[in-house]
Amino acid sequence: MSPFITESDLSLTEEQFIQVSNAIYNHCGINLHDGKKTLVRARLAKRLRQSDFSNVSEYIDFALSAEGNKEFHSLVDSISTNLTSFFREKVHFDYLKNNFLPQLLSSGKNSIRVWSAGCSSGEEPYTLAITLLETCGDYSGCDIKILATDVSREILDRARHGTYEKKKVAPLNPQQRQQYLVPNVIEGHKVYQVKNNLRNLIRFNYLNLMEQWPFRGPFDVIFCRNVMIYFDKPTQEKLINRFYDCLAPGGLLCIGHSESLTGINHKYRYVLPATYLKP
Ligand SMILES: C[S@@+](CC[C@H](N)C(=O)[O-])C[C@H]1O[C@@H](n2cnc3c(N)ncnc32)[C@H](O)[C@@H]1O
């Protein structure tokens, strides 16, 4: 960082805030309302300190230009949250294991297609893989494929790598840790790496949910949890209905428990909180 950067170089005018928030909204649907101004200012200041720009104005001009595309993505990554964990909102995995998958399998289905949309660092699709293996394991020949997508290339690299600190894998029981993870030591830290029996079921791809999707499904299960919370209602409604078109009849949609379809026009059947079926 330039030693000459002052507090006023880091200040963010209302106009600049609107410029940045509009660009982020148009790129990935994240709705940065007025209450997020402090967050945006802090993240801009952080990016500025890590670069050669001498003030916010110069930085914004670059990040929003065609040549600053990479920097713009880093800015979006620093503003959006990637918080996730193994077996997060466990009731969804319990519902899959105890209700949805047994019914699907007993109907004679032997191929299962799942989409984790907004998969972050991979804990969600790996948990889905564990749940599917544990439930469909007895059905030899059951073909399982999980598509895991995110708008952040950086977070997808971490997901593909599948390496987690010891405390991150605590939600897995000892048998699951033994069956699906390999312990390792990296730079003196105990970590766990995902084994190929999980990895081989998942394809990690870049996908911005706001853009065209290069597939139409049908998926049996779509998880899009804790992603729409950052979108406004019209964006949520559009997305929810696009998911509907990608689901097979009888397919399952899980959203985050702090998200809601209230006030959204949709055709799903409510099953449990944050759990919906396509009739
Ligand atoms: C809080 S994480 C949720 C992770 C996981 N689904 C869970 O519930 O634990 C939100 C993720 O959504 C991704 N995301 C945000 N906007 C997106 C968009 N327009 N398209 C695809 N992914 C997006 C972010 O990059 C982030 O990794």
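This write-up is about the structure you can find in this document.

1. Topic: the overall build of the chain
Okay, so step 1: Helix and strand content of the chain: 10 helices and 10 strands.
Okay, so step 2: Taken over C-alpha atoms, the radius of gyration comes to 21 Å for the chain, in line with the 19 Å a tight globule of 279 residues would show.
Okay, so step 3: Based on the C-alpha atoms only, the size of the chain along its principal axes is roughly 65 × 50 × 30 Å.
Okay, so step 4: The 279 residues of the chain split such that 48% are buried.
Okay, so step 5: The long-range share in the chain, meaning contacts at least 24 apart out of those at least 6 apart in sequence, stands at 73%.
Okay, so step 6: When the accessible surface of the chain is split by element, carbon and sulfur atoms take 50% of a total near 14200 Å².

2. Focus on the side chain of serine 116
Okay, so step 1: Relative to the elements of secondary structure, serine 116 occurs in strand S1 (residues 111-117).
Okay, so step 2: Reaching out from serine 116, the side chain makes a polar contact with the side chain of glutamate 124 at a distance of 2.7 Å.
Okay, so step 3: With sequence-adjacent residues up to four places away left out, serine 116 is seen in contact with Glu124, Pro125, Leu128, Leu147, Ala148, Thr149 and Phe223.

3. Description of the pairing of strand S2 (residues 143-150)
Okay, so step 1: With six of its eight residues buried, S2 lies for the most part within the structure.
Okay, so step 2: For S2 and strand S6 (residues 202-206), the ladder comprises five bridges, and the chain directions are parallel. Of the residues in S6, the one forming a bridge with aspartate 150 is tyrosine 206.

4. Thoughts on the site of the ligand
Okay, so step 1: Among the 18 residues in the neighbourhood of the ligand, the closest are listed as Thr84, Arg88, Gly118, Asp150 and Asn226.
Okay, so step 2: At a separation of 2.6 Å, an oxygen atom of the ligand approaches a polar side-chain atom of threonine 84.
Okay, so step 3: Between the ligand and glutamate 124 there is a distance of 3.0 Å, counted from a nitrogen atom to a side-chain nitrogen or oxygen.
Okay, so step 4: In isolation the ligand exposes 610 Å². Once the protein is present, 99% of that is buried.
Okay, so step 5: Of the residues contributing to the shell around the ligand, the split by class is seven nonpolar, seven polar and four charged.

5. Quick word on the sheet that holds strand S5 (residues 189-194)
Okay, so step 1: What the three strands build is an open sheet, ordered S3-S5-S4; its pairing is antiparallel. What marks the edges here is a single partner per strand, and that holds for strand S3 (163-165) and strand S4 (181-186). Put simply, the sheet's adjacent strands are angled 35° from each other on average, direction ignored.
Okay, so step 2: Where S4 meets S5, six bridges bridge the pair, whose relative direction is antiparallel. Within S5, the position partnered with asparagine 184 by the bridge is valine 191.

6. Topic: the nonpolar core
Okay, so step 1: One finds Ile24, Trp115, Leu209, Trp213, Phe243, Leu253 and Tyr268 to be the most contacted residues of the largest nonpolar core, which totals 46 residues.
Okay, so step 2: At the level of secondary structure, the elements contributing two or more residues to this core comprise helix H1 (14-28), helix H2 (37-49), helix H3 (56-63), helix H4 (69-79), S1, strand S7 (219-224), helix H10 (233-246) and strand S8 (247-255).
Okay, so step 3: With sequence-adjacent residues up to four places away left out, tyrosine 268 is seen in contact with Ile240, Phe243, Tyr244, Leu247, Leu253, Leu261, Tyr276, Leu277, Lys278 and Pro279.

7. Considering the sheet that holds S6
Okay, so step 1: Spatial ordering of the open sheet is given by S6-S2-S1-S7-S8-S10-S9, a layout of seven strands whose pairing is mixed. In the strand order of this sheet, the two ends are held by S6 and strand S9 (269-272), each with one partner. Here the strands of the sheet are splayed against their neighbours by 20° on average, with no regard to which way each runs.
Okay, so step 2: In the sheet, S9 pairs with strand S10 (residues 275-277) via three bridges, with the strands oriented antiparallel. Bridge pairing in S10 links tyrosine 270 to tyrosine 276.

8. Overview of helix H7 (residues 153-161)
Okay, so step 1: Ile155, Leu156 and Ala159 are the residues of H7 that are buried. In an axial view of H7, the angular spread of the buried residues amounts to 100°, which keeps them on one side of the axis. Along H7, exposed side chains directed more than 90 degrees from the buried face belong to Arg153 and His161.
Okay, so step 2: Structurally, H7 contributes buried residues whose contacts are with helix H6 (123-136), S2, S3 and S6.
Okay, so step 3: Immediately beyond the C-terminal end of H7, within one or two residues, lies glycine 162, with a positive phi of roughly 60°.

Rules and cut-offs
- Sequence order as written defines residue numbering, which begins from 1 separately in each chain.
- For a predicted model such as this one, the threshold for reporting local features is a pLDDT of at least 70, and the threshold for listing and counting side-chain atom pairs is 80 or more; totals across whole chains, interfaces and linings nevertheless cover every residue.
- Note that water and hydrogens are dropped before the side-chain values are worked out from all heavy atoms of the structure.
- A run of DSSP states H or I qualifies as a helix once it reaches four residues; a run of E qualifies as a strand once it reaches two. Both are numbered from the N-terminal end.
- Just to be clear, the radius of gyration here is over C-alpha atoms, and the globule rule we use is 2.2 Å times residues to the power 0.38.
- Remark: exposure states derive from per-residue accessible area (1.4 Å probe, protein chains only) relative to the maximum for the residue type, with buried under 20%, exposed over 50%, and partly exposed in between.
- Any pair of residues with heavy atoms lying within 4.5 Å of one another is described as a contacting pair.
- Note on areas: Shrake-Rupley, 1.4 Å probe, and residue coverage restricted to the protein chains presented here.
- Polar contacts, as used here, are pairs of N or O atoms within 3.5 Å; protein pairs need one atom able to donate a hydrogen and one able to accept it. Residues neighboring in sequence count only if both atoms are side-chain atoms.
- When DSSP finds at least two bridges between two strands, those strands are taken to pair.
- Whether a residue is near a molecule or strand depends on its heavy atoms: it is near if one of them lies within 4 Å of it.
- Under the scheme applied here, ten amino acids are nonpolar (Ala, Val, Leu, Ile, Met, Phe, Trp, Tyr, Cys and Pro), four are charged (Asp, Glu, Lys and Arg), and all others, including Gly, are polar.
- Angles shown run from 0 to 180 degrees and are taken between the N-to-C directions of axes, each axis being a line fitted to C-alpha atoms and, for helices, limited to the stretch in contact.
- We call a set of buried residues a nonpolar core when its members are Ala, Val, Leu, Ile, Met, Phe, Trp, Tyr or Cys and they connect through side-chain atoms within 4.5 Å of each other.
- Arc definition: directions from the helix axis to the C-beta atoms.

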